[in-house]
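Take a look at the letters that make up each chain.
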Amino acid sequence: MNRAAAAIFLVAVCSGCPKRIEFGPEGRIEDPEALFQVTSQAQANVVTLQGDAKIRVASPQGNGTLSLFVAISRPSLVHLESSDFFNRPVAALVSDGQRFGLYQTEGNVFYQGPASPENVSRFLPVVLPSEELVALMLGQVPFIPAERKTLALDADQRLYVLTLYRGEVTQTLYIHPKHRRVVRSEVRGGRGYDLFFEDFKQRGNQVFPTQVELKAEVAQTELRLSYSDVTLNAPPDLTLFELAPPEGARVVEVDARGREVAPAPPPPEGGPPGA
């Protein structure tokens with residue numbers, strides 16, 4: 001066999017060989033609980049984020065893309081500012097986990113009320129509690145409370161496959177074997193959504209996904225968050241989470257479902273009866 005034929009033969013043979021799986025320094029993990037613990041810790045290491053992003057939405061209500069300034073801090077501090085194509089501010093949402101405020105430049109209106117899922121998710125086509133919203137924007141997966149766990153290795157995708165079970169509900173987690181970060185999460189048997197994490201970057205000593213995608217099949221909704229320039233784990237600027245309305249804005253109080261609350265009637269003149 002001449003050299004050219006040998007080279008072709010070698011390429012053909014090697015192209016059919018499975019690529020080597022690169023595990024972390026501890027080697028392959030066989031115990032599902034051990035993998036769950038190291039994965040939980042790997043994503044929990046990111047506690048704050050601040051920077052620029054774009055959010056793309058496709059839903060029955062419409063499609064669109066917004067530019068965002070994002071400041072997030074666990075467990076439930078949220079600051080989101082949206083701008084239009086010309087980088088003019090459109091709206092800003094702030095929540096401290098107990099109360100929320102939303103300022104809309106159009107109409108110069110400031111909405112405030114309890115930090116319910118309906119209120120803190122006003123920028124999104126899906127309704128999420130503030131803690132869950134913070135987790136997703138930090139590139140983290142909310143786990144179902146599992147009664148048992150199983151573990152397999154997908155050699156073709158070169159990923160761990162960790163499945164959590166709770167009754168008839170399952171959550172399947174596809175986990176990178178080296179940096180122990182979830183790259184895909186699928187929930188079945190209950191109302192849930194699938195998550196996809198892509199384009200992981202090294203930020204200091206953290207591995208962080210700069211692309212986060214959510215797919216809610218029942219709601220026919222897809223949401224994709226793309227970070228362009230972010231800082232992780234810096235001390236949060238607490239002034240970003242203050243809830244005071246801008247001077248001159250019309251203030252509207254809303255309830256937990258986002259409905260406007262009528263202001264209380266003024267007390268009758270002369271004080272209460274019998275005074």
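The coordinates are above.
Rules behind the numbers
Residues numbered from 1 in each chain as written. Predicted model: local features only at pLDDT ≥ 70, side-chain atom pairs only at ≥ 80, totals over all residues. Heavy atoms only, no water. Phe/Tyr/Trp six-rings, centres within 6.5 Å; stacked < 30°, edge-to-face > 60°. Helix = DSSP H or I, 4+ residues; strand = E, 2+ residues; numbered from the N terminus. Buried < 20%, exposed > 50% of the residue type's maximum accessible area, 1.4 Å probe, protein only. Lys NZ or Arg CZ within 6 Å of the ring centre and 35° of its normal. Salt bridge = Lys/Arg side-chain N within 4 Å of Asp/Glu carboxyl O. Polar contact = N/O pair within 3.5 Å; in protein donor to acceptor, adjacent residues only side chain to side chain.

Undergrad: It is not clear to me how the packing of aromatic side chains should be interpreted in this structure. Could you clarify?
TA: Remark: the centre distance and the inter-plane angle together describe each pair of aromatic rings, the angle taken between the planes. Summed over all chains, the structure comprises three aromatic pairs. Ring geometry for Phe23 and Tyr160: centres 5.9 Å apart, planes at 45°, overall tilted. Of this pair, Phe23 sits in the loop between helix H1 (3–15) and helix H2 (32–44) while Tyr160 sits in strand E8 (residues 159–166), placing them 137 residues apart in sequence. Pairing Phe208 with Tyr227 gives two aromatic rings, centres 5.7 Å apart and planes at 50°, and the pair type is tilted. A residue pair is termed long-range when its members are at least 10 positions apart, and Phe208 in strand E12 (residues 206–216) and Tyr227 in strand E13 (residues 221–232) qualify at 19 residues. Classification of Tyr227 by relative accessible area gives buried; the value is 6%. Its guanidinium or amino end placed over the ring of Tyr111, Arg122 lies 5.5 Å from that ring's centre, counting from NZ or CZ.

Undergrad: In this structure, what is going on with the pattern of salt bridges? I would like to understand it.
TA: One side chain can pair with another of opposite charge once the charged atoms of both are near each other. In total, this model carries ten salt bridges according to the counting rule given. Arg184 is paired through a salt bridge with Glu186; the nearest N and O atoms lie 3.1 Å apart. For Arg184, a relative accessible area of 17% translates into the label buried. The partner of Arg224 in a salt bridge is Glu198, with the nearest N and O atoms 3.0 Å apart. Taken together, the positions of Arg224 in strand E13 and Glu198 in strand E11 (residues 194–203) put the pair 26 residues apart, joining distant regions of the chain. Connected through shared salt-bridge partners, Glu198, Glu213 and Arg224 make up one network.

Undergrad: What's the story with the environment of Thr105 in this structure? I'm lost.
TA: Relative to the assigned elements, Thr105 resides in the loop between strand E5 (99–104) and strand E6 (109–114). The exposure class assigned to Thr105 is partly exposed, which follows from its relative accessible area of 36%. Counting along the chain gives 16 residues from Thr105 to Pro89, while the straight-line C-alpha distance between them is 7.2 Å. Within the structure, Thr105 has its side chain in polar contact with the backbone oxygen of Val90 (distance 3.0 Å).

Undergrad: Would you take a moment to explain unusual backbone geometry for this structure?
TA: Note: most peptide bonds trans; most residues except glycine with negative phi. With an omega dihedral of 5°, the bond running from Arg74 to Pro75 counts as a cis peptide bond. Following the sequence through the fold, Pro75 ends up in the loop between strand E2 (62–73) and strand E3 (77–83). The phi torsion at Asp199 lies on the positive side, around 50°, for a residue other than glycine. Unlike most non-glycine residues, Asn233 shows phi in positive territory, near 60°. Position of Asn233 relative to the elements: it lies in the loop between E13 and strand E14 (250–253). Residue class for Asn233 comes out partly exposed when judged on its relative accessible area of 30%.

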